[in-house]
Amino acid sequence: MDFPTDLIQLLIKATRVSVLTGAGVSQESGLRTFRDSQSGLWAQYKPQDLASPAAFARDPKLIWDWYAWRREAIKGVRPNAGHYALAEMEKKISEFTLITQNVDGLHRMAGSNNLLELHGNILRVRCSVCGTFTEDWGDDSESVPLCGKCNGLLRPDVVWFGESLPRAELEAAVTASRACQVFFSIGTSGVVQPAAALAHAARNNGAVVVEINAEPTPLTPKVDFAFHGKSGEILPELVKAIWG
Ligand code: OAD
């Protein structure tokens, strides 16, 4: 892919870059994106109808099982070339912040360190009542495991529809978006707030905004550069074009 020279020049000199990623960056690792239809047993459900406190209150076992199934799917997958390219970018740029909506942990597995997980992490589990984290919950498939401290139902440490984002992560994401010289929006449909607003915060503060997505999104008309294709192909090419 040919990248515009002015973008390459800008990135060679840039010292502050922020990146927002969504489910699209994990698609080439074999994970379905959030809005893709699901497979097997779960095909009859919309993710939007399962990822909510109301759904958990109505049928905790159903929701626990859906996350257990997704956790299993994640266990077998590895980061792809796009995740590794972003980890490489972090090494080259002095203030590099990676903001992700993904809960799959693949960015960290690929070596990204300055990472803000806005929607939590599916591999972590906490009590729905007292909030205590646990790494040992003995899944017996009969019922939802209970908190060892207060006997409350355990749940994944992810943000559900209608819940607030973790405050410190969101504040850090807004700060990094406002302060950066270049902002990337990669593999996200850009429809879920407040993450989707970060690109606008960057743009309003003078950043050049770049989108990488398999297809156009509502953000596309507002960006300075849009590349349509797979992030696992475009990102390594971009890193190569900048740093050789
Ligand atoms: P979506 O499933 O909404 O969007 C995935 C985006 O990735 C789409 O725009 C695709 O075009 C694009 N895409 C697919 N494959 C790609 C590839 N190989 N390379 C580049 N782009 C590709 O997922 P998100 O935008 O991440 O939150 O969804 C945001 C949030 O919505 C999720 O984190 C989830 C949901 O609410 C929670 O569960 C809290």
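Preceding block: the structure.
Residues numbered from 1 in each chain as written. Predicted model: local features only at pLDDT ≥ 70, side-chain atom pairs only at ≥ 80, totals over all residues. Heavy atoms only, no water.

Visitor: Account for the sheet that holds strand 6 (residues 154-158), with residues named and values stated.
Guide: With antiparallel pairing, 3 strands are arranged side by side in an open sheet as 5-4-6. Only two strands of the sheet have a single neighbouring strand rather than two, namely strand 5 (133-134) and strand 6. In this structure, strand 4 (residues 120-127) lies alongside strand 6, joined through 5 bridges in antiparallel fashion. In the sheet register, Cys-127 faces strand 6, and the bridge partner there is Leu-154. The sheet strands contacting helix 5 (residues 60-75) are strand 4 and strand 6, and the helix crosses strand 4 at an angle near 140°. (Pairing = 2+ DSSP bridges. Helix = DSSP H or I, 4+ residues; strand = E, 2+ residues; numbered from the N terminus. Contact = heavy atoms within 4.5 Å. Axes fitted to C-alpha atoms, helices over the stretch in contact; angles between N-to-C directions.)

Visitor: How would you sum up the sheet that holds strand 2 (residues 95-100)? Please name residues and give values.
Guide: Read from one edge to the other, the open sheet built from 6 strands follows the order 3-2-1-7-8-9, with strand pairing classed as parallel. For this open sheet the edge positions go to strand 3 (115-117) and strand 9 (225-228), each flanked by a neighbour on one side alone. Averaged over all pairs of adjacent strands, the angle between their axes in this sheet comes to 15°, without regard to strand direction. Two strands pair when backbone bridges link them, and strand 2 and strand 3 are joined in this way by 3 bridges, in the parallel orientation. Its bridge partner being in strand 3, Leu-98 is matched across the sheet by Leu-115. Contacts from helix 6 (residues 81-92) reach strand 1 (16-21), strand 2 and strand 7 (182-186) within the one sheet, and its direction differs from that of strand 2 by about 150°.

Visitor: Could you give me a rundown of the site of the ligand, with the residues and numbers involved?
Guide: The local shell around the ligand holds 22 residues, among which Ala-23, Arg-35, Thr-188, Ser-189 and Asn-213 are the closest. In the model, an oxygen atom of the ligand is placed 3.2 Å from a nitrogen or oxygen of the Gly-187 main chain. The fraction of the free accessible surface of the ligand (800 Å²) that becomes covered by protein chains is 92%. (Near = heavy atom within 4 Å. Polar contact = N/O pair within 3.5 Å; in protein donor to acceptor, adjacent residues only side chain to side chain. Areas by Shrake-Rupley, 256 points an atom, 1.4 Å probe, with all protein chains shown as cover.)

Visitor: Give a detailed account of the side chain of Ser-29, specifying residues and quantitative values.
Guide: Counting through the fold element by element, Ser-29 comes out in the loop between helix 2 (24-27) and helix 3 (47-50). Relative accessible area serves as the criterion here: at 15%, Ser-29 is assigned to the buried category. In terms of polar contacts, Ser-29 uses its side chain to reach the side chain of Asn-80, at 3.1 Å. (Buried < 20%, exposed > 50% of the residue type's maximum accessible area, 1.4 Å probe, protein only.)

Visitor: Please provide a residue-by-residue account of the side chain of Ser-177, values included.
Guide: Turning to its location among the elements, Ser-177 is positioned in helix 8 (residues 167-179). On the accessibility criterion, Ser-177 (0% relative accessible area) is buried. Discounting residues that sit within four places of it in the chain, Ser-177 has contacts with Ser-18, Ile-99, Phe-183, Leu-198, Ala-201 and Ala-202.

Visitor: How would you explain the pairing of strand 4 if you had to name every residue and give the values?
Guide: Summarising burial for strand 4: 6 of the 8 residues are buried, a large majority. Bridge count for strand 4 against strand 5 is 2 bridges, and the pairing is antiparallel. The residue bridging Arg-126 from the neighbouring strand is Phe-133, located in strand 5. Between the antiparallel neighbours strand 4 and strand 5 lie 5 residues, among them Gly-131 with a positive phi of about 85°.

Visitor: Tell me about unusual backbone geometry, residues and numbers included.
Guide: That bond from Gln-193 to Pro-194 is cis: its omega, 0°, falls within 30 degrees of zero. With a phi close to 70°, Asn-151 is a non-glycine residue in the positive phi region. On the secondary structure map, Asn-151 appears in the loop between strand 5 and strand 6.

Visitor: Run through the pattern of salt bridges, naming residues and quoting values.
Guide: Inspection of the entire model under this criterion finds 8 salt bridges. Of the charged contacts, one joins Asp-157 and Arg-124 as a salt bridge, the two residues approaching to 2.8 Å between their closest N and O atoms. Taken as a pair, Asp-157 in strand 6 and Arg-124 in strand 4 lie far apart in primary sequence, 33 residues in all. You can call Asp-157 buried: its relative accessible area is 11%. In this structure, the salt-bridge partner of Asp-157 is Arg-126, at a minimum N-O distance of 2.7 Å. Highlighted residues: Asp-157 in strand 6 and Arg-126 in strand 4, separated in sequence by 31 residues. A single salt-bridge network, built from bridges that share partners, covers Glu-117, Arg-124, Arg-126 and Asp-157. (Salt bridge = Lys/Arg side-chain N within 4 Å of Asp/Glu carboxyl O.)

Visitor: Please give an account of helix 1 (residues 5-13) that cites residues and values.
Guide: Of all the residues in helix 1, the buried ones are Leu-7, Ile-8 and Leu-11. Buried residues in helix 1, looked at end-on, bunch into an arc of 100°, giving them a common side. Across from the buried face of helix 1, at angles greater than 90 degrees, the exposed residues are Thr-5, Asp-6 and Lys-13. Tucked into the core, helix 1 has its buried residues touching strand 1, strand 7, strand 8 (208-213), strand 9 and helix 10 (231-243). (Arc of directions from axis to C-beta.)

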